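# Reading the structure
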Amino acid sequence: MELKGEAGPSLLNNDASIRETAWNEVIAPIKERIASQQIMIYTESDNVDLKAELEKRIEAAGLGAALRNHPRWVDGIGWEEPAPAASGNYATWLNRLSRYGLPTTSVPMVTTWPKELKSWLSGRCV
């Protein structure tokens with residue numbers, strides 16, 4: 001789950017009621033589901049206050065596992081409608097496979113094109 005920077009004004013609001021309601025909308029669904037599914041939460045926001053508050057709140061809620069051991073997004077092109085061809089990712093997938101797919105440093109990789117990535121990986125992995 002990506003916490004978008006656009007949520008910052010609510011999550012960091014000076015009004016405690018707004019701020020706590022906003023954080024509850026982030027944390028409650030994670031708490032509800034984390035026992036039955038793997039959940040990750042992160043932000044790519046440049047807002048350092050939002051990053052710090054996210055870590056503080058998730059840890060305080062006992063959900064720290066959602067902050068660690070994330071799969072790596074391997075897509076190189078953005079999503080648009082209609083969906084672009086997965087082939088636009090091939091160069092990026094190769095680069096990321098080289099970086100993340102080594103036997104000694106293997107990490108889960110995720111994509112918006114799972115079927116196409118699986119097909120593309122055929123014969124590239126042992």
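The following paragraphs examine the structure supplied in this document. In this text, all values refer to a predicted model and were calculated from it rather than measured experimentally.

### Notes on the packing of aromatic side chains
One pass over the structure, following the stated rule, counts 3 aromatic pairs. For the pair Tyr-90 and Trp-93, a centre-to-centre distance of 5.8 Å together with 45 degrees between the ring planes defines the contact as tilted. In this pair, Tyr-90 and Trp-93 both sit in helix 4 (residues 90-100), 3 residues apart, roughly one turn of the helix. Note on Tyr-90: relative accessible area 37%, which makes it partly exposed. Considering the side-chain rings of Trp-93 and Trp-120, the 5.7 Å spacing of their centres and the 65 degrees angle between planes classify their relative orientation as edge-to-face. Of this pair, Trp-93 sits in helix 4 while Trp-120 sits in helix 5 (residues 114-121), placing them 27 residues apart in sequence. Through pairs of rings, three or more aromatic residues link up here, namely Tyr-90, Trp-93 and Trp-120.

### A short note on the nonpolar core
Core analysis: the largest hydrophobic core is formed by 15 residues, its most contacted members being Leu-3, Leu-11, Trp-23, Val-26, Ile-41, Leu-54 and Ile-58. Listing elements by their share of this core, those giving two or more residues are helix 2 (16-33) and helix 3 (48-60). Counting residues per element, this core draws most heavily on helix 2, which supplies 5 residues. Apart from the residues within four sequence positions on either side, Leu-54 is in contact with Leu-3, Trp-23, Ile-41, Tyr-42, Thr-43 and Leu-67. Counting residues in hydrophobic clusters, the runner-up holds 8 residues, among them Val-74, Trp-93, Leu-97 and Trp-120.

### Quick look at helix 4
Listing the buried residues of helix 4 in full gives Thr-92, Trp-93, Arg-96, Leu-97 and Tyr-100. For helix 4, the angular spread of the buried residues around the axis is 135 degrees, confining them to a single face.

### Notes on unusual backbone geometry
Going from Glu-81 to Pro-82, the amide bond is cis rather than trans, its omega being -5 degrees. In this structure, Pro-82 sits in the loop between strand 1 (72-73) and helix 4.

### Structural notes on the packing of helix 2 against helix 3
Remark: helix 2 packs on helix 3, axes separated minimally by 11 Å, with the N-to-C direction vectors making an angle of 55 degrees. Here helix 2 lies oblique to helix 3, going by the angle between them. Judged by the sense of rotation from one axis to the other, the crossing of helix 2 with helix 3 is right-handed. Here Arg-19, Glu-20, Trp-23, Ile-27 and Ile-30 of helix 2 come into contact with helix 3, specifically with Leu-50, Glu-53, Leu-54, Arg-57 and Ile-58. Residue composition of the contact of helix 2 with helix 3, by class: 6 nonpolar, no polar and 4 charged.

### Thoughts on the pattern of salt bridges
Inspection of every chain in the model, using the stated rule, returns 7 salt bridges. As a salt-bridge pair, Arg-33 and Glu-32 come within 3.9 Å of each other at their nearest N and O atoms. Residue class for Arg-33 comes out partly exposed when judged on its relative accessible area of 36%. On the basis of relative accessible area, Glu-32 is assigned to the exposed category, the value being 60%.

Parameters at a glance
Residues numbered from 1 in each chain as written. Predicted model: local features only at pLDDT ≥ 70, side-chain atom pairs only at ≥ 80, totals over all residues. Heavy atoms only, no water. Phe/Tyr/Trp six-rings, centres within 6.5 Å; stacked < 30°, edge-to-face > 60°. Helix = DSSP H or I, 4+ residues; strand = E, 2+ residues; numbered from the N terminus. Buried < 20%, exposed > 50% of the residue type's maximum accessible area, 1.4 Å probe, protein only. Core = buried A, V, L, I, M, F, W, Y, C linked by side-chain atoms within 4.5 Å. Contact = heavy atoms within 4.5 Å. Arc of directions from axis to C-beta. Axes fitted to C-alpha atoms, helices over the stretch in contact; angles between N-to-C directions. Parallel < 35°, antiparallel > 145°, perpendicular 65-115°, else oblique. Left-handed = near helix turned anticlockwise from the far one by under 90°. Nonpolar A, V, L, I, M, F, W, Y, C, P; charged D, E, K, R; others polar. Salt bridge = Lys/Arg side-chain N within 4 Å of Asp/Glu carboxyl O.

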